[in-house]
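The residues making up each chain are set out below.
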Amino acid sequence: MRFEIMRLDDVDGSAMDSTVVDAASVNRIVQQAASIGQRIYIRPADTSAS
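In what follows, the accompanying structure is described. (Residues numbered from 1 in each chain as written. Predicted model: local features only at pLDDT ≥ 70, side-chain atom pairs only at ≥ 80, totals over all residues. Heavy atoms only, no water.)

**What to know about the overall build of the chain**
On a plain count of helices and strands, the chain comes out with one helix and three strands. In terms of overall dimensions, the chain has C-alpha extents of about 35 × 20 × 10 Å along its principal axes. Of all 50 residues assigned to the chain, the portion counted as buried reaches 22%. When contacts within the chain are restricted to residue pairs at least 6 apart in sequence, long-range pairs at least 24 apart make up 46% of them. For the chain, the accessible area works out to roughly 3,700 Å², and carbon and sulfur atoms hold 51% of it. Averaging the coordinates of the 5 positive side-chain charges in the chain and doing the same for the 7 negative ones gives two points 5 Å apart. (Helix = DSSP H or I, 4+ residues; strand = E, 2+ residues; numbered from the N terminus. Buried < 20%, exposed > 50% of the residue type's maximum accessible area, 1.4 Å probe, protein only. Contact = heavy atoms within 4.5 Å. Areas by Shrake-Rupley, 256 points an atom, 1.4 Å probe, with all protein chains shown as cover. Lys, Arg positive; Asp, Glu negative; His and termini not counted. Charge placed at Lys NZ, Arg CZ, Asp CG, Glu CD.)

**Quick word on the nonpolar core**
What tends to happen in soluble globular proteins is that the nonpolar side chains get buried as a cluster. Residues Phe3, Ile5, Val21, Val26 and Ile29 constitute the largest nonpolar core, which totals five residues. Mapped by element, the contributors of at least two residues to this core are β1 (2-8) and α1 (23-36). Setting aside anything within four residues of it in sequence, one finds Ile5 in contact with Asp17, Ser18, Thr19, Val21, Val26, Ile29, Ile40, Tyr41 and Ile42. (Core = buried A, V, L, I, M, F, W, Y, C linked by side-chain atoms within 4.5 Å.)

**Comments concerning the side chain of Glu4**
Within the element layout of this structure, Glu4 appears in strand β1. Judged by relative accessible area, which is 15%, Glu4 ranks as buried. Sequence-distant contacts of Glu4, defined by excluding residues within four places in its chain, comprise Ser18, Thr19, Val20, Tyr41, Ile42, Arg43, Pro44 and Ala45.

Pasting the structure below:
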């Protein structure tokens, strides 16, 4: 399964950029974001385009 991870702006919470990663990478990205206090939003990637 693939997930879209969006980095959120600290001021207004809007999405600054996004990336799609596999499930194995999600934990690493969450740990990195937590260590620097970065806000992220994670959702399943859209698979309808496949």
